Amino acid sequence: MTTYDKQIISILAKAGQRGMTVKKIAMQLYNINCTLFNKPDFKEIHKYVQQFLKRNSKFPQSIACNTAWGIYKLNPNSVQARQLAIDFNSNNSEEERKGEEELRKYTPDLSLNLFDDY
């Protein structure tokens with residue numbers, strides 16, 4: 001699996017059951033890979049996303065499925081898609097928890113105590 005493939009799957013996992021259009025997926029993929037020194041061609045990324053989704057939504061057990069015209073989501077019937085969705089969701093929650101803990105360490109508690117006598 002290439003990095004674009006993994007990124008597309010993570011975008012679809014974050015989109016949830018509503019899914020996303022090919023253009024929105026391509027825009028997010030472009031934004032993920034756009035850096036100060038590297039600007040990928042949006043047309044190429046859009047074409048890659050279209051091909052990836054067509055190729056991976058043909059069968060009932062494929063990783064993606066087409067919900068409406070041009071809207072794709074992770075296929076709930078696919079074992080691989082369910083596992084990847086769980087993996088992406090658990091990784092995000094662990095990172096969020098670590099970030100919140102770091103923030104709590106360095107942020108002083110400025111709340112007022114209602115029971116202190118002044």
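About the cut-offs
- Residues numbered from 1 in each chain as written.
- Predicted model: local features only at pLDDT ≥ 70, side-chain atom pairs only at ≥ 80, totals over all residues.
- Heavy atoms only, no water.
- Helix = DSSP H or I, 4+ residues; strand = E, 2+ residues; numbered from the N terminus.
- Contact = heavy atoms within 4.5 Å.
- Areas by Shrake-Rupley, 256 points an atom, 1.4 Å probe, with all protein chains shown as cover.
- 1 Å grid on protein atoms, 1.4 Å probe; cavity = no way out; pocket = protein on both sides within 12 Å on 5 of 7 lines; lining within 4 Å.
- Points joined across faces, edges and corners; volume = space filled by probe spheres on them.
- Nonpolar A, V, L, I, M, F, W, Y, C, P; charged D, E, K, R; others polar.
- Axes fitted to C-alpha atoms, helices over the stretch in contact; angles between N-to-C directions.
- Parallel < 35°, antiparallel > 145°, perpendicular 65-115°, else oblique.
- Left-handed = near helix turned anticlockwise from the far one by under 90°.
- Phe/Tyr/Trp six-rings, centres within 6.5 Å; stacked < 30°, edge-to-face > 60°.
- Buried < 20%, exposed > 50% of the residue type's maximum accessible area, 1.4 Å probe, protein only.
- Pairing = 2+ DSSP bridges.

1. A look at the overall build of the chain
Then step 1. Helix and strand counts for the chain stand at 4 helices and 3 strands.
Then step 2. N-terminal to C-terminal, the α/β element order of the chain is α-β-α-α-β-β-α.
Then step 3. In the chain, once contacts between residues fewer than 6 apart in sequence are set aside, the share between residues at least 24 apart is 44%.
Then step 4. Accessible area for the chain stands at about 9100 Å²; split by element, carbon and sulfur atoms hold 55% of it.

2. A few points about the layout of surface pockets
Then step 1. Approximately 200 Å³ is the volume attributed to the largest pocket.
Then step 2. Taken together, Thr21, Val22, Lys23, His46, Gln50, Leu53, Lys54, Asn66, Trp69, Gly70 and Tyr72 make up the full set of residues lining the largest pocket.
Then step 3. Those elements that place two or more of their residues in the lining of the largest pocket are helix H2 (22-33) and helix H3 (42-55).
Then step 4. Ranked by residue count, the leading element in the lining of the largest pocket is H3, at 4 residues.
Then step 5. Of the residues in the lining of the largest pocket, the class split is 4 nonpolar, 5 polar and 2 charged.

3. Observations regarding the packing of H2 against H3
Then step 1. Between H2 and H3, the shortest axis-to-axis distance is 9 Å and the interhelical angle comes to 125°. Relative to H3, the element H2 lies oblique. The two elements H2 and H3 meet at a crossing, and its hand is right-handed. Taken together, the residues of H3 that come into contact with H2 (itself represented by Val22, Lys23, Ile25, Ala26, Met27, Leu29 and Tyr30) are Phe42, Ile45, His46, Val49, Gln50 and Leu53.
Then step 2. Looking at the contact of H2 with H3, its residues break down into 10 nonpolar, 2 polar and 1 charged.

4. Quick look at the packing of aromatic side chains
Two aromatic rings are characterised by how far apart their centres lie and by the angle between their planes.
Then step 1. Per the counting criterion, the structure on display carries 2 aromatic pairs.
Then step 2. Taken together, a centroid distance of 5.4 Å and an interplanar angle of 65° make the contact between Tyr4 and Tyr48 edge-to-face. On the criterion of sequence distance, the pair formed by Tyr4 in helix H1 (residues 3-15) and Tyr48 in helix H3 is long-range, its members being 44 residues apart.
Then step 3. For Tyr4, a relative accessible area of 23% gives the class partly exposed.
Then step 4. Residues Tyr30 and Phe42 carry aromatic rings whose centres are separated by 5.9 Å and whose planes lie at 85° to one another, so their mutual orientation is edge-to-face. Residue Tyr30 is found in helix H2, and its partner Phe42 is found in helix H3; the two are separated by 12 residues along the sequence.
Then step 5. When its relative accessible area of 26% is taken as the criterion, Phe42 is described as partly exposed.

5. Details of the sheet that holds strand E2 (residues 64-68)
Then step 1. Pairing in this open sheet of 3 strands is antiparallel, and the strands run E1-E3-E2 from one edge to the other. Edge positions in the open sheet fall to strand E1 (20-21) and E2, since each of these has one partner strand only.
Then step 2. Summarising the sheet, E2 and strand E3 (residues 71-74) pair through 4 bridges and their orientation is antiparallel. Counted as the bridge partner of Ala68 is Ile71 from E3.

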